[in-house]
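# Structure at a glance
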Amino acid sequence: MSKKHFISLPVQLFLSAIIAWLLATLLPLPSNITQTTAFQLLILTKTTYIGLLKMVVGAVVMFSLLQGITSLGSTLRLKTLGYKAVLFYSFTSLIAIALGLGSSLALPAWPQLIDTASVSVGENVQLIDNTAASGGAIAEKLFNMALANPFSALTNTNLLAIVVFSLLFGVALLTSLPTKHPVFEVISGVNSALNRFVSGIIRFAPIAVFAIVFEFTATSGSAIFGQLAQFALLVFVLTLIHGGIVLPVIAKLATGIKFSTLFKALSAPMAMAFATSSSSATLPLSMQTAENELGVSQSTSSMVLPLGAIMNMDGTALFEGVAAIFLAQLYGVDLGTSGLIMIFIMAMVSSIGAPGMPSGSMSGMQLVLLAAGIPLEAIAILLIIERPLDTFRTAVNVEGDIIAAYVIDKWQRS
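What counts and how
- Residues numbered from 1 in each chain as written.
- Predicted model: local features only at pLDDT ≥ 70, side-chain atom pairs only at ≥ 80, totals over all residues.
- Heavy atoms only, no water.
- Salt bridge = Lys/Arg side-chain N within 4 Å of Asp/Glu carboxyl O.
- Helix = DSSP H or I, 4+ residues; strand = E, 2+ residues; numbered from the N terminus.
- Core = buried A, V, L, I, M, F, W, Y, C linked by side-chain atoms within 4.5 Å.
- Buried < 20%, exposed > 50% of the residue type's maximum accessible area, 1.4 Å probe, protein only.
- Contact = heavy atoms within 4.5 Å.
- Phe/Tyr/Trp six-rings, centres within 6.5 Å; stacked < 30°, edge-to-face > 60°.
- Lys NZ or Arg CZ within 6 Å of the ring centre and 35° of its normal.
- UniProt positions renumbered as here; feature names shortened; annotations may be inferred.
- Expected span 1.5 Å × (residues − 1).
- Axes fitted to C-alpha atoms, helices over the stretch in contact; angles between N-to-C directions.
- Parallel < 35°, antiparallel > 145°, perpendicular 65-115°, else oblique.
- Nonpolar A, V, L, I, M, F, W, Y, C, P; charged D, E, K, R; others polar.
- pLDDT = per-residue confidence, 0-100.
- Patch = residues over 30% accessible without salt bridge, like charges linked within 9 Å, V, L, I, M, F, W, Y side chains within 5 Å.
- Areas by Shrake-Rupley, 256 points an atom, 1.4 Å probe, with all protein chains shown as cover.

## Quick word on the pattern of salt bridges
Using the criterion set out here, one finds one salt bridge in the structure. The salt bridge involving aspartate 390 is made with arginine 393; its shortest N-O contact spans 3.3 Å. Taken together, the positions of aspartate 390 and arginine 393, both in helix α16 (residues 379–413) and three residues apart, correspond to about one turn of that helix.

Written out as structure tokens, the structure reads:
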């Protein structure tokens, strides 16, 4: 097929989403659409695609990190690269939280919610007890997640544990084996095979996007409470500002890259993140984009991007900050200075360990509510609107990951 007739992946994703939305909106769908065979077959394609990505993402993270660490050649460069990644991620997350809290407090307060008895928490949401908001409990939870058996972590897609094990094991290999040891060649070969496998999976992304958009449009209701609509609009605008202005300006100032070049490169992974609401599922495409479109070295992308998938959640941090203010005002909770400080700190901490999957921020949101003294039942209100908002902030999370890899790679070469 000639290049002039080839439709790029971002265009394919966009067209798939538009066609799915038009069909779900214009066709006379039956009331029991979810029970029809055609609908279930369509959803099966989405489940298969997401399942394939989940099946390989743990191995991709592990071997990418191992290759990235062992290809650095020295522990000094590893220390420098990791330090820069953590510094960059912390900086952009602080900006996101400050943007969310500052804007929420500057706007008129939402009226206090009178009746919330009819809103119940879904069965799939596991709440935590009041003791879980203490510093010791938070530290214990993070350590329990990070110091897990690596085989169990691969099975459960515990990216935090996979990253910790890969970092420690990679450092051990780097310091104990000679540079040309066969183990490094095995790691490189496995990593190449995984990348080829992922490339094949990504070719089916437009079909999965069609199924995801059609399902959401056909099954979601159109009635949204006025207060939730205002909240959703605020989160969307702030997320757009952070992703469309703050992060690109940082990339421009740090590297001099043109905005057109940057957004062209980011379009495909951001579209995938928007469709799947999973930074983990988008990770393989993010790594390909960083290396092939932006010229990021493999040693940088294979370390910085997996780290970003678990600790760089700008969109999630922004959402949690705005949501805490929103719920506090709905419940008439007077936060005060201490409450705002706790929201700021907990939004930062909880976003770091948020799972890179759809609605993964809900576990961290519970910590934010408890730390600020907001009734835990308030999380049920977020569940009404959280899923659509998750798509936008996941796209920004992925954008921040790739920009971080690009900026840090430029720093490394300077």
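That shown, we press on.
## Some remarks on the nonpolar core
Note that soluble globular proteins tend to have their nonpolar side chains buried in a common cluster. Of all hydrophobic cores here, the largest spans 74 residues; its most connected members are Tyr49, Phe88, Tyr89, Val304 and Ile403. The element contributing the most residues to this core is helix α2 (residues 37–70), with 13 residues. Those residues in contact with isoleucine 403 that sit more than four places away from it in its chain are Phe88, Leu247, Pro248, Ala251, Leu262 and Leu266. Core analysis: the next-biggest nonpolar cluster, separate from the first, contains 32 residues, Leu228, Ala317, Leu330 and Ala347 among them.

## Considerations on the packing of aromatic side chains
The relation between two aromatic rings is expressed through the spacing of the ring centres and the mutual angle of the planes. As enumerated under the stated definition, the model contains nine aromatic pairs in all. Ring geometry for phenylalanine 165 versus phenylalanine 169: centroids 5.5 Å apart, planes at 15°, classification stacked. You can see phenylalanine 165 and its partner phenylalanine 169 sitting in helix α6 (residues 159–176), four residues apart, about one turn around the helix. Exposure remark for phenylalanine 169: the relative accessible area of 37% places this residue in the partly exposed category. What links up through ring pairs into an aromatic cluster is the set Phe39, Phe210 and Phe214. Sitting over the ring of phenylalanine 259, lysine 252 keeps its end group 6.0 Å from the ring centre.

## Overview of the environment of leucine 318
Checked against the element boundaries, leucine 318 lands in helix α13 (residues 314–330). Looking at leucine 318, the relative accessible area reads 1%, which means it is buried. The spacing of leucine 318 and alanine 96 is 222 residues in sequence and 5.1 Å in space, taken between C-alpha atoms. The contacts of leucine 318, once residues within four sequence positions are left out, are Ala96, Leu99, Gly100, Val235, Leu238, Thr239 and His242.

## Considering the UniProt feature "transmembrane region" (unreviewed entry) in the protein chain
Per the UniProt record, the feature "transmembrane region" (unreviewed entry) sits at residues 7–29, 49–66, 86–110, 159–177, 197–216, 228–250 and 364–385. Between the C-alpha atoms that bound residues 197–216 there is a distance of 28 Å. The span itself is 90% helix and 0% strand.

## Some details on α13
Its 17 residues give α13 an end-to-end C-alpha distance of 24 Å, which sits within 8% of 24 Å, the value for a rise of 1.5 Å per residue. Most of α13 sits out of view: 17 of its 17 residues are buried. Phi turns positive one or two residues past the end of α13, at glycine 332, with a value near 70°.

## So, the packing of helix α7 (residues 182–202) against helix α11 (residues 279–292)
Where α7 meets α11, the axes come as close as 10 Å, and the angle between the chain directions of the two elements is 105°. Between α7 and α11, the angle falls in the class roughly perpendicular. Contacts from Asn195, Val198, Ser199 and Ile202 of α7 reach α11 at Pro284, Leu285 and Gln288. In terms of residue class, the contact of α7 with α11 is made up of four nonpolar, three polar and no charged.

## Considerations on the confidence of the model for the protein chain
Of the residues in the protein chain, 78% have a pLDDT of 70 or more, and the chain-wide mean is 77. A low-confidence stretch, residues 1–5 stays under pLDDT 50, and its non-local contacts, those more than four residues away or across chains, total one contact. Confidence drops under a pLDDT of 50 for residues 114–133, and excluding neighbours within four residues, the segment shows 30 contacts in the predicted structure.

## Examining a nonpolar patch on the surface
Residues Leu233, Phe236, Val237, Leu240, Ile241, Ile245, Val249, Leu253, Phe259, Phe263, Phe274 and Phe392 make up a contiguous nonpolar surface patch of roughly 1,000 Å² in combined accessible area. Of all the elements in the fold, those that place two or more residues in the nonpolar patch are α9 (226–255) and α10 (259–276). Tracing the backbone shows phenylalanine 236 in helix α9. Owing to a relative accessible area of 30%, phenylalanine 236 belongs among the partly exposed residues under this scheme.

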